[in-house]
Amino acid sequence: MAMRDKILFISLGCDKNLVDSERMLGFLSEKGYGFTDDETEADIVVINTCCFINDAKQESIDTILEMAQLRQNGDIRALVAAGCLAQRYREEIQKEIPEVDIIIGVSAIDEITRALDEFFEGKKENHYGEPDRAPLADTKRILTTGGHYAYLKIAEGCDKHCTYCIIPRVRGSYRSIPMESLIQEAEALAAEGVKELIVVAQETTVYGTDIYGKKALPELIRKLCRIDGLHWIRVLYCYPEEIDDELIKVMKEEPKFCHYLDLPIQHGCDTILKRMGRRTTNAELAGVIWKLRKEIPDICIRTTLITGFPGETEEEHEELLSFVERMEFDRLGVFTYSQEEDTPAALMPEQIPEEVKERRREQLMELQQEIAFDAALSMTGKTVDAMIEGKVAEEDAYVARTYKDAPNVDGFLFINTKRELMTGDFVKCRITGAYEYDLIGELEDEFTQ
């Protein structure tokens, strides 16, 4: 391999996919490949694809087609498609987009350098890996998040089999990564300057059940909290039915464990929840949320909903609206139902027209907007810890996040100051106001009434 080979790496989809991309970047850099963000400089393009919902699928296909044009014109030497979409539609890609030279499946990402070596030796081999292979750990990663925060993927796959979701078919059954490997990885990330560790998996709350015979997330978090250099530990994708007293206890006792939980509930109506294959009812969801708020009064609860699920009536939609109104979620995202082939929901009768799904989504977002704006205003006067994300161009102001804000999905805190601050710094800040979803504040020691 020539040293001059430069790779343009495009990572699409979720943060779990991003960890896979960072691992692939690590493997490639160890083999002497260089990287570029400029397609005119690239010799090789690698696209880590996503196929979770139609929009993500479309983005992946569009990106592959765009890069296939470069390959066709001879502007690049090789085009690699990796990840979920590449795995799921490998036959179609081989047939319809011959410009794709190599396909790397989700459990074969560590074979990317071998696949490229083989290709340049004249052997065109795809690598799919074993579907339920033990997940990768202890590998070098090149962080793409700026270095002050990083994701820690604690498991691969999923056993929940919700009727709308393709993930178990694409990524296999739930496989936890052994705790000692995760601690090692987290220590290496902290040594690189990571201050916020964001714990992710398709579902984090059942971590360890397959290898330790019990839920081990609380124990893992306690160990992560002992790592020097880490300031915040945030946990995403907690299924509400799996939240137990032990997890709540750890959140109360460990100062580094952010009082923030992401509970993807998907709906608030029992009949829809049942058709979705979810394991909770409206009453149980409310019970978990009330309990979390009683035990941890300043907890920030984020959720995601699906609207327009097959057969969803106006009454069921109204029930969801009233549930959202009652629960007053701090953060909320809404997806319109995406009909995914090879899922039970795709074959259900009474598929909802797109415009109805969209209208229902807008109603939910409007309602949530009122709740969120009121919540942001109610923060006025409070003092919070904030992590600096960067400077606002040409202004004496910085963008920051509070414990209530996960990167890329939640809001920001804008801090007005002439002081020089660095990305990743933690500062104490007094909230002075709010603008829609975002907060405005001043450094606590500069605050004047």
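Heads up: these notes are all about the structure in this document.

What counts and how
Residues numbered from 1 in each chain as written. Predicted model: local features only at pLDDT ≥ 70, side-chain atom pairs only at ≥ 80, totals over all residues. Heavy atoms only, no water. Helix = DSSP H or I, 4+ residues; strand = E, 2+ residues; numbered from the N terminus. Rg over C-alpha atoms; globule rule 2.2 N^0.38 Å. Contact = heavy atoms within 4.5 Å. Areas by Shrake-Rupley, 256 points an atom, 1.4 Å probe, with all protein chains shown as cover. Lys, Arg positive; Asp, Glu negative; His and termini not counted. Charge placed at Lys NZ, Arg CZ, Asp CG, Glu CD. Axes fitted to C-alpha atoms, helices over the stretch in contact; angles between N-to-C directions. Parallel < 35°, antiparallel > 145°, perpendicular 65-115°, else oblique. Left-handed = near helix turned anticlockwise from the far one by under 90°. Buried < 20%, exposed > 50% of the residue type's maximum accessible area, 1.4 Å probe, protein only. Pairing = 2+ DSSP bridges. Phe/Tyr/Trp six-rings, centres within 6.5 Å; stacked < 30°, edge-to-face > 60°. Salt bridge = Lys/Arg side-chain N within 4 Å of Asp/Glu carboxyl O. Polar contact = N/O pair within 3.5 Å; in protein donor to acceptor, adjacent residues only side chain to side chain. Patch = residues over 30% accessible without salt bridge, like charges linked within 9 Å, V, L, I, M, F, W, Y side chains within 5 Å. Expected span 1.5 Å × (residues − 1). Arc of directions from axis to C-beta.

To continue, consider the overall build of the protein chain. For the protein chain, the helix and strand inventory stands at 14 helices and 18 strands. Its C-alpha atoms give the protein chain a radius of gyration of 23 Å, within 12% of the compact-globule value 22 Å for 449 residues. With respect to the three principal axes, the spread of C-alpha positions in the protein chain is 70 × 60 × 45 Å. Long-range pairs, those at least 24 residues apart, make up 73% of the contacts in the protein chain with a sequence separation of at least 6. Accessible area for the protein chain stands at about 19400 Å²; split by element, carbon and sulfur atoms hold 50% of it. Positive and negative side-chain charges of the protein chain, numbering 54 and 87 respectively, have mean locations separated by a distance of 4 Å.

Looking now at the packing of helix 9 (residues 217-225) against helix 10 (residues 245-253). It is at 9 Å that the axes of helix 9 and helix 10 come closest, and there the two elements cross at 15°. In terms of orientation, helix 9 lies roughly parallel with respect to helix 10. With respect to the hand of their crossing, helix 9 and helix 10 are arranged in left-handed fashion. Side by side, helix 9 and helix 10 meet where Leu217, Pro218, Ile221 and Arg222 of the first sit next to Glu246, Leu247, Lys249, Val250 and Glu253 of the second.

So, on to unusual backbone geometry. Backbone geometry at His161 places phi at a positive 55°, although glycine is not the residue there. Here His161 falls in the exposed class, since its relative accessible area comes to 53%. A positive phi angle is found at Glu350, which is not glycine, with a value near 60°. Note that Glu350 resides in the loop between strand 13 (331-336) and helix 14 (354-377).

Here the focus is the sheet that holds strand 2 (residues 34-35). Pairing between the strands of a sheet is mediated by backbone hydrogen bonds and can be parallel or antiparallel. As summarised here, the arrangement of the five strands in space is 2-1-3-4-5, forming an open sheet in which the pairing is parallel. Two strands in the sheet have a free side with no partner beyond their single neighbour: strand 2 and strand 5 (102-104). The pairing of strand 3 (residues 44-49) with strand 4 (residues 78-82) spans five bridges and is parallel. Note on strand 4: the bridge partner recorded for Asn48 is Ala82.

Another point: the packing of aromatic side chains. Per the stated rule, a full pass over the model turns up eight aromatic pairs. Seen from their ring centres, Phe119 and Phe120 are 5.3 Å apart, and the 65° between their planes marks the pair as edge-to-face. Summarising the aromatic geometry, the rings of Phe323 and Phe329 are spaced 6.3 Å apart at their centres and angled 55° between planes, so their arrangement reads as tilted. Judged on exposure class, the residue Phe323 and its partner Phe329 are both buried.

Within the fold, Asp262 resides in strand 11 (residues 257-262). Salt bridges are absent for the buried Asp262, whose nearest opposite-charge side chain, Arg302, sits at 4.5 Å. Within the structure, the side chain of Asp262 is placed 2.9 Å from the backbone nitrogen of Tyr237, a separation counted as a polar contact.

What follows deals with the environment of Thr145. Counting through the fold element by element, Thr145 comes out in the loop between helix 5 (112-120) and strand 6 (149-153). Judged by relative accessible area, which is 10%, Thr145 ranks as buried. A C-alpha to C-alpha distance of 16 Å links Thr145 and His231, two positions 86 residues apart in sequence. Non-local contacts of Thr145, meaning those with residues more than four positions away in its chain, are made with Leu18, Glu22, Ala150 and Tyr151. Within the structure, Thr145 has its side chain in polar contact with the backbone oxygen of Tyr149 (distance 2.5 Å).

A separate point is the sheet that holds strand 16 (residues 413-416). Strand order in the closed barrel formed by five strands is 14-15-16-18-17, and the pairing between neighbours is mixed. Here the strands of the sheet are splayed against their neighbours by 50° on average, with no regard to which way each runs. In terms of strand pairing, strand 14 (residues 383-391) meets strand 17 (residues 426-435) through five bridges, oriented antiparallel. By the bridge assignment, Thr383 is partnered in strand 17 with Arg430.

The alternating pattern of strand 16 places Leu413 and Ile415 on a buried face and Phe414 and Asn416 on a face that is not buried. Across four bridges, strand 15 (residues 397-401) lies against strand 16 in antiparallel orientation. Across the sheet, residue Tyr398 finds its bridge partner in strand 16, namely Ile415. Bridging between strand 16 and strand 18 (residues 438-443) involves four bridges; their strand directions are parallel. Following the sheet pairing, Ile415 is matched in strand 18 by Gly441.

A grouping of Asp37, Asp38, Glu39, Asp55, Glu59, Asp62, Glu66 and Asp75 is seen on the molecular surface, where their side chains present a negatively charged patch. Tracing the backbone through its elements, the reader meets Glu59 in helix 2 (residues 54-72).

Attention shifts here to the pairing of strand 6. For strand 6, a buried count of five out of five residues is recorded, marking the element as mostly surrounded by other parts of the structure. The two faces of strand 6 match: Tyr149, Tyr151 and Lys153 on one face and Ala150 and Leu152 on the other face are all buried. In the sheet, strand 6 pairs with strand 9 (residues 196-200) via five bridges, with the strands oriented parallel. Bridge pairing links Ala150 to Leu197 in strand 9.

Each full turn of the α-helix corresponds to 3.6 residues, which orients residues three or four apart in the same direction. Spanning 14 residues, helix 12 (residues 282-295) covers 20 Å between terminal C-alpha atoms, matching the ideal 20 Å at 1.5 Å per step. Looking only at helix 12, the buried set comprises Asn282, Leu285, Ala286, Val288, Ile289 and Leu292. The buried residues of helix 12 occupy an angular sector of 160° when the element is viewed end-on, so they sit on one face. Exposed residues lying more than 90 degrees from the buried face of helix 12 are Ala283 and Lys294. Contacts made by the buried residues of helix 12 are with helix 10, strand 11, helix 11 (270-275), strand 12 (300-307) and helix 13 (314-327).

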